[in-house]
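Residues per chain are reported as follows:
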Amino acid sequence: MSDTPKPRFAVILVAAGRSERFADANYKKPFAPLCDRAVWLHSAERFMERDDVCQVVVVIAEEDREDFQRRFGPNLAFMSVEVCVGGANRGDSVRAGLAKLTDGATHVAVHDAARPCVADKEIDAVFAAASRDGAAILAARVADTIKRAKAPADGGKPSIEETVPRDGLWAAQTPQVFCRKLLERAHEAAGEGETDDAQLIERLGEPVTLVEGSPMNLKITKRMDLKLAELILKARPPKDPAGGFANPFAGDDMWR
Ligand SMILES: Nc1ccn([C@@H]2O[C@H](COP(=O)(O)OP(=O)(O)OP(=O)(O)O)[C@@H](O)[C@H]2O)c(=O)n1
Ligand SMILES: C[C@](O)(CO)[C@H](O)COP(=O)(O)O
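Note that the structure is a prediction, hence the values are computed from the model and not measured.

1. Re the site of ligand 2
- In the neighbourhood of ligand 2, the contacting residues comprise Arg21, Arg90, Asp112, Arg115, Ala172, Thr174, Thr195, Asp196 and Lys219.
- At 3.4 Å, a side-chain N or O of Arg21 approaches an oxygen atom of ligand 2.
- At 2.7 Å, a side-chain N or O of Lys219 approaches an oxygen atom of ligand 2.
- Here ligand 2 has 360 Å² of accessible area as a free molecule, and 74% of this is covered by the chains.
- With respect to the pocket detection grid, ligand 2 is positioned in the largest pocket.
- Here the residues of the shell around ligand 2 are counted per class, giving 1 nonpolar, 2 polar and 6 charged.

Structure representation (structure tokens):
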């Protein structure tokens, strides 16, 4: 019988960005409606129902706090989701979430609230990898040929500078999952420009395992991504219904 304590995961759901590329007059992307619920709620629900998750903290912008509380406050209490205010860049928001964590977590998962289509099986895999290796992220192998654009002259149309060798290129996703002490140590040495947490771990010279995810774990960045996310969620088979009748997709891991 192993006496190694089971890993306990705290989840930091970052939702404090400015949504500039989403460019919607009514909503920032984490709060936009998607299949009758806010984007961030879809992301939160992937973690809240897990037995190995001990805490979920959603990180929002100061300017959104009042509206967020008004719209979601009643739900938050029974969802056992905590809220804190993020900062000017993504790393500030992650550090605000770290400061909110209680003692129970051995590992921390940082997830973009703007990635509502992550599948349970993908979370299982990246959680297991991080428990084994100390740091792991979901990522998708780059399938397209990658071009680097020339810096266009003002108003000039973009054109190709070079083709970037594709071998070994992966597109990072989230959740990005780390041994808590390692992530806290990495953020003590953080700069300004990091666009993900794995970069901080790499800077320490520590390995980060790549766990192959799906392109369906897309990050909602522009408005058209919302439509894609809707198609993905609607195509996802419901969990085995209470009635227990056979689910035609039950064996199809791609969706779960
Ligand atoms: N200071 C920031 C910046 C980003 N994020 C979060 O990190 C995730 C990924 O960031 P991104 O897609 O870049 O969101 P925005 O920064 O809002 O997008 P934009 O660059 O278009 O403004 C999002 O859930 C976003 O809310 C955050 O919590 N705090
Ligand atoms: C963390 C991330 O989703 C991995 O691809 C990405 O770096 C977030 O970048 P953004 O500019 O904050 O969307």
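2. Concerning the UniProt feature "site: Positions MEP for the nucleophilic attack" (unreviewed entry) in the chain
- Listed under "site: Positions MEP for the nucleophilic attack" (unreviewed entry) in the UniProt record, and renumbered for this structure, are Arg166 and Lys219. The annotated residues contributing to the lining of the largest pocket are Lys219.
- Residue position: Arg166 is located in the loop between strand S9 (160–164) and strand S10 (170–179).
- In contact with Arg166, not counting residues within four places along its chain, are Val142, Ala143, Asp144 and Thr145.

3. Quick word on the UniProt feature "site: Transition state stabilizer" (unreviewed entry) in the chain
- Feature annotation in UniProt places "site: Transition state stabilizer" (unreviewed entry) on Arg21 and Lys29, given in this structure's numbering. As for the annotated residues named above, the ones lining the largest pocket are Arg21 and Lys29.
- Of note, Arg21 is situated in the loop between strand S1 (9–15) and strand S2 (33–34).
- For Arg21, the contacting residues outside a window of four places in its chain are Lys219, Thr221 and Lys222.
- Looking at the secondary structure, you find Lys29 in the loop between S1 and S2.
- On the basis of relative accessibility, which here comes to 12%, the residue Lys29 falls in the buried class.

4. With respect to the site of ligand 1
- Neighbouring ligand 1 are 18 residues; Val14, Ser19, Glu20, Arg21 and Lys29 lie closest to it.
- A distance of 2.7 Å separates an oxygen atom of ligand 1 from a polar atom in the backbone of Glu20.
- One of the side-chain nitrogen or oxygen atoms of Lys219 is found 2.9 Å away from an oxygen atom of ligand 1.
- Here ligand 1, which alone exposes 560 Å², has 88% of that area covered by the protein.
- Placement of ligand 1 is best described as lying within the largest pocket.
- Secondary structure elements with two or more residues in the shell around ligand 1: S1 and helix H3 (90–100).
- Tallied by class, the residues present in the shell around ligand 1 amount to 6 nonpolar, 5 polar and 7 charged.

5. Brief notes about the packing of aromatic side chains
- Enumeration according to the criterion identifies 7 aromatic pairs in this entry.
- Where Trp40 meets Phe72, the ring centres are 5.3 Å apart and the plane angle is 90°; that geometry is what we call edge-to-face. Note that Trp40 is positioned in helix H1 (residues 39–48) and Phe72 in helix H2 (residues 65–79), a separation of 32 residues in sequence.
- With relative accessibility at 0%, the residue Trp40 sits in the buried group.
- Residue classification places Phe72 among the buried positions, given a relative accessible area of 6%.
- A connected cluster of aromatic rings, assembled from ring pairs, spans Phe31, Trp40, Phe68 and Phe72.

Reading the values: rules and limits
- Residues numbered from 1 in each chain as written.
- Chains lettered and ligands numbered in written order.
- Predicted model: local features only at pLDDT ≥ 70, side-chain atom pairs only at ≥ 80, totals over all residues.
- Heavy atoms only, no water.
- Near = heavy atom within 4 Å.
- Polar contact = N/O pair within 3.5 Å; in protein donor to acceptor, adjacent residues only side chain to side chain.
- Areas by Shrake-Rupley, 256 points an atom, 1.4 Å probe, with all protein chains shown as cover.
- 1 Å grid on protein atoms, 1.4 Å probe; cavity = no way out; pocket = protein on both sides within 12 Å on 5 of 7 lines; lining within 4 Å.
- Sits in = over half its atoms within 2 Å of the grid points.
- Nonpolar A, V, L, I, M, F, W, Y, C, P; charged D, E, K, R; others polar.
- UniProt positions renumbered as here; feature names shortened; annotations may be inferred.
- Helix = DSSP H or I, 4+ residues; strand = E, 2+ residues; numbered from the N terminus.
- Contact = heavy atoms within 4.5 Å.
- Buried < 20%, exposed > 50% of the residue type's maximum accessible area, 1.4 Å probe, protein only.
- Phe/Tyr/Trp six-rings, centres within 6.5 Å; stacked < 30°, edge-to-face > 60°.

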